[in-house]
Amino acid sequence: MTSNSFEKEIKPLELKKDYPLAKHTTWKVGGPAEYFVEVKTKQDLIKSIIAARKADIAVTIIGWGSNILVSDKGIKGLVIKNSYSEINILEECSYSPDKTNYARLKQVDSSQYYSFTDIDYIEETSVARKVNISSGTPLPLTINTLIRQGITGLQWFSGIPGTIGGAVYNNIHGGSHFIAEFVSRVEVLDENNNLTWIDKEQLDFAYDYSIFQTNTNYIVSVEFCFPIGDKDKALAASTEWARKKSLQPSNSAGCTYQNITETEQEKLGLESNSWGYIIDKILGLKGKQIGQAKISDKHAAFIETYPGATSEDVIKVMELIASTSKEKLGIIPHPEIFFLGFNDDELKHIK
Ligand SMILES: Cc1cc2nc3c(=O)[nH]c(=O)nc-3n(C[C@H](O)[C@H](O)[C@H](O)COP(=O)(O)OP(=O)(O)OC[C@H]3O[C@@H](n4cnc5c(N)ncnc54)[C@H](O)[C@@H]3O)c2cc1C
């Protein structure tokens, strides 16, 4: 297929060219997508991926853009904004708490920054429900819909912006919990354009990681098994969690860096494994601003942007953090965000 026939096939989905992406990210920075389409159904999601692949056009799927930095040059190929939103509550399933240590790290020191340990608990019930959720479904909508019906588990992720696809892609975490705890299997469009299911065991979930970061399968929907826990307790935890999260700056991409490992923490003799603590107390960079990007005064691992910011401003702030950290601690922080539209050379000082 040529790019002309791709354009013709996808035109009915309101295909746009050179479409500004900044407004589709929480950082509100970044250049245009060569092609852009917003999809609201499974059929349109699949159709647009297959048409682009047939025309040899690169595909990038975004959800709420709350964990990405888009280059000021923009993104080549087709950017699909995934708004395919559906929640289907199915039959009972057998649940036992998944106590895998996805973190492999100590949690953030509870005396520092945002601690969630005070409201944490494990749901010990075995009564549970299978729920299929499409990848473009907003996480906040999912949490509200399910908890209202007594289907619990997602309360730990209240206040996190994004879609179910983005949440599974990075195995989001809230306090000591990871979304992988509740995933049974994922429906994907694989590299051969087949719709297929992949079981949890094959998804390599880890801290900030799933197999989708290293393959070209796209997440279409996710099948979860959620406990039917204590609804009031879950509601209370969700409300308190969201309240604490609302104190974090939303003009950011969340925490920019992964916590350091326990081994690194011990070796460096640091009180906390959180980059919020390190950037503030050890590097002394809290509040530092370059252009319209600033290391947040509220939480130093968050970078805030203001009107007129560019992704170059964010990169420069990250370069400052990396070089100061290299000089003072001998390590470079590992970003928790995904860079879209950059080449390796542009990121060589921060990764
Ligand atoms: C204020 C704030 C607080 C946050 N707090 C937390 C927190 O507590 N815990 C946490 O873990 N994260 C947190 N985040 C980060 C972010 O919200 C999550 O990672 C979120 O799940 C990203 O979802 P998204 O839909 O916005 O994904 P996007 O940012 O749009 O995309 C992220 C990545 O996923 C890929 N992707 C998205 N959908 C698909 C799909 N269907 N198939 C294949 N790949 C896909 C994209 O290509 C991209 O590489 C926070 C962010 C903000 C702004």
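- Going by what an unreviewed UniProt entry lists, the protein is known as UDP-N-acetylenolpyruvoylglucosamine reductase and is assigned to candidate division WS6 bacterium OLB21.
- The UniProt entry for the protein carries the following text under Cofactor (unreviewed entry): "FAD".
- Quoted verbatim from the Function (unreviewed entry) field of UniProt, the annotation for the protein is "Cell wall formation."

**Here's the deal with the site of the ligand**
Thinking step 1. Within the structure, the ligand sits among 30 residues, and I61, S66, P161, T163 and K245 are positioned closest to it.
Thinking step 2. With respect to the ligand, the backbone of N67 contributes an N or O atom lying 2.8 Å from an oxygen atom.
Thinking step 3. Here an oxygen atom of the ligand sits 2.7 Å away from a polar atom, N or O, in the main chain of P161.
Thinking step 4. Of all the secondary structure elements, the ones that give two or more residues to the shell around the ligand are β3 (59-62), α4 (164-169) and β12 (218-227).
Thinking step 5. For the shell around the ligand, the element with the highest residue contribution is α4, accounting for 4 residues.
Thinking step 6. Considered class by class, the residues forming the shell around the ligand number 14 nonpolar, 15 polar and 1 charged.
Thinking step 7. Two domains each provide a minimum of three residues to the shell around the ligand, namely domain 1 (3-82) and domain 2 (87-245).

**A short note on the environment of M1**
Thinking step 1. For M1, the position within the fold is in the segment before α1 (3-10).
Thinking step 2. Leaving out residues up to four positions away in the same chain, M1 has contacts with F6, E9, A51, K54 and A55.

**Focus on the nonpolar core**
Thinking step 1. Ranked by size, the top nonpolar core spans 41 residues in total, and within it F157, V168, V183, V186, V222, F224 and F226 carry the most contacts.
Thinking step 2. Going through the elements one at a time, β7 (127-134), α3 (139-148), α4, β10 (183-189), β12 and α5 (231-245) are the ones with two or more residues in this core.
Thinking step 3. Looking at this core, the element that brings in the most residues is β12, giving 5 residues.
Thinking step 4. In this structure, V222 is in contact with V131, N132, I133, I164, V168, V183, R185 and V186, ignoring residues within four places of it in sequence.
Thinking step 5. One finds C255, Y277, A309 and I350 within the second-largest nonpolar core, a separate group that totals 34 residues.

**What to know about the UniProt feature "active site" (unreviewed entry) in the protein**
Thinking step 1. The positions that UniProt labels "active site" (unreviewed entry) are, in the present scheme, C255 and E336. A maximum C-alpha distance of 7.0 Å is found for the annotated residues, which run over 82 residues; spatially they form one tight group.
Thinking step 2. Sequence-distant contacts of C255, defined by excluding residues within four places in its chain, comprise A301, F302, E336 and I337.
Thinking step 3. Tracing the backbone through its elements, the reader meets E336 in the loop between α8 (311-329) and β16 (338-340).
Thinking step 4. Among all residues touching E336, those that are not within four sequence positions of it are N67, N170, H173, Y207, D208, C255, T256, Y257 and Q258.

**Digging into the packing of aromatic side chains**
Thinking step 1. Applying the stated criterion to the full structure yields 11 aromatic pairs.
Thinking step 2. Centroid distance F182 to F226: 5.8 Å. Interplanar angle 35 degrees. Geometry classified as tilted. Note that F182 is positioned in the loop between β9 (177-178) and β10 and F226 in strand β12, a separation of 44 residues in sequence. Each member of the pair F182 and F226 is classed as buried.
Thinking step 3. Note on F339 and F342: the rings are 5.9 Å apart at their centroids and 85 degrees apart in plane angle, and the pair reads as edge-to-face. An identical accessibility class is assigned to F339 and F342; each is buried.

**Describing the state of the cysteines**
The term disulfide refers to a covalent linkage connecting the sulfur atoms of a pair of cysteines.
Thinking step 1. This model, assessed by the stated rule, comprises 1 disulfide.
Thinking step 2. Covalent S-S linkage joins C93 and C225, the inter-sulfur distance amounting to 2.1 Å. Handedness here is read from the sign of the S-S torsion; for C93 and C225, about 100 degrees, the answer is right-handed. Placement of C93 in strand β6 (residues 87-94) and of C225 in strand β12 is noted, with a sequence separation of 132 residues between them. You'll find C93 and C225 in the same group, each marked buried.

**Re α8**
Since one α-helical turn is 3.6 residues long, residues separated by three or four positions face the same way.
Thinking step 1. Taking 1.5 Å as the rise per residue, α8 with 19 residues should run 27 Å; its terminal C-alpha atoms sit 26 Å apart, in good agreement.
Thinking step 2. Among the residues of α8, those classed as buried are S311, D313, V314, I315, V317, M318, I321, A322, T324, S325 and L329.
Thinking step 3. In the segment just after α8, G330 is the residue with positive phi, at about 80 degrees.

**Considerations on the environment of I61**
Thinking step 1. Relative to the assigned elements, I61 resides in strand β3.
Thinking step 2. According to the relative accessible area criterion, I61 is partly exposed, its value standing at 26%.
Thinking step 3. Placed 16 residues apart in sequence, I61 and L45 show a C-alpha to C-alpha distance of 9.5 Å.
Thinking step 4. Sequence-distant contacts of I61, defined by excluding residues within four places in its chain, comprise L45, I49, I80, N82 and Y218.

Basis of the calculations
- Residues numbered from 1 in each chain as written.
- Predicted model: local features only at pLDDT ≥ 70, side-chain atom pairs only at ≥ 80, totals over all residues.
- Heavy atoms only, no water.
- UniProt positions renumbered as here; feature names shortened; annotations may be inferred.
- Near = heavy atom within 4 Å.
- Polar contact = N/O pair within 3.5 Å; in protein donor to acceptor, adjacent residues only side chain to side chain.
- Helix = DSSP H or I, 4+ residues; strand = E, 2+ residues; numbered from the N terminus.
- Nonpolar A, V, L, I, M, F, W, Y, C, P; charged D, E, K, R; others polar.
- Domains from an automatic or database assignment.
- Contact = heavy atoms within 4.5 Å.
- Core = buried A, V, L, I, M, F, W, Y, C linked by side-chain atoms within 4.5 Å.
- Buried < 20%, exposed > 50% of the residue type's maximum accessible area, 1.4 Å probe, protein only.
- Phe/Tyr/Trp six-rings, centres within 6.5 Å; stacked < 30°, edge-to-face > 60°.
- Disulfide = S-S within 2.5 Å.
- Expected span 1.5 Å × (residues − 1).

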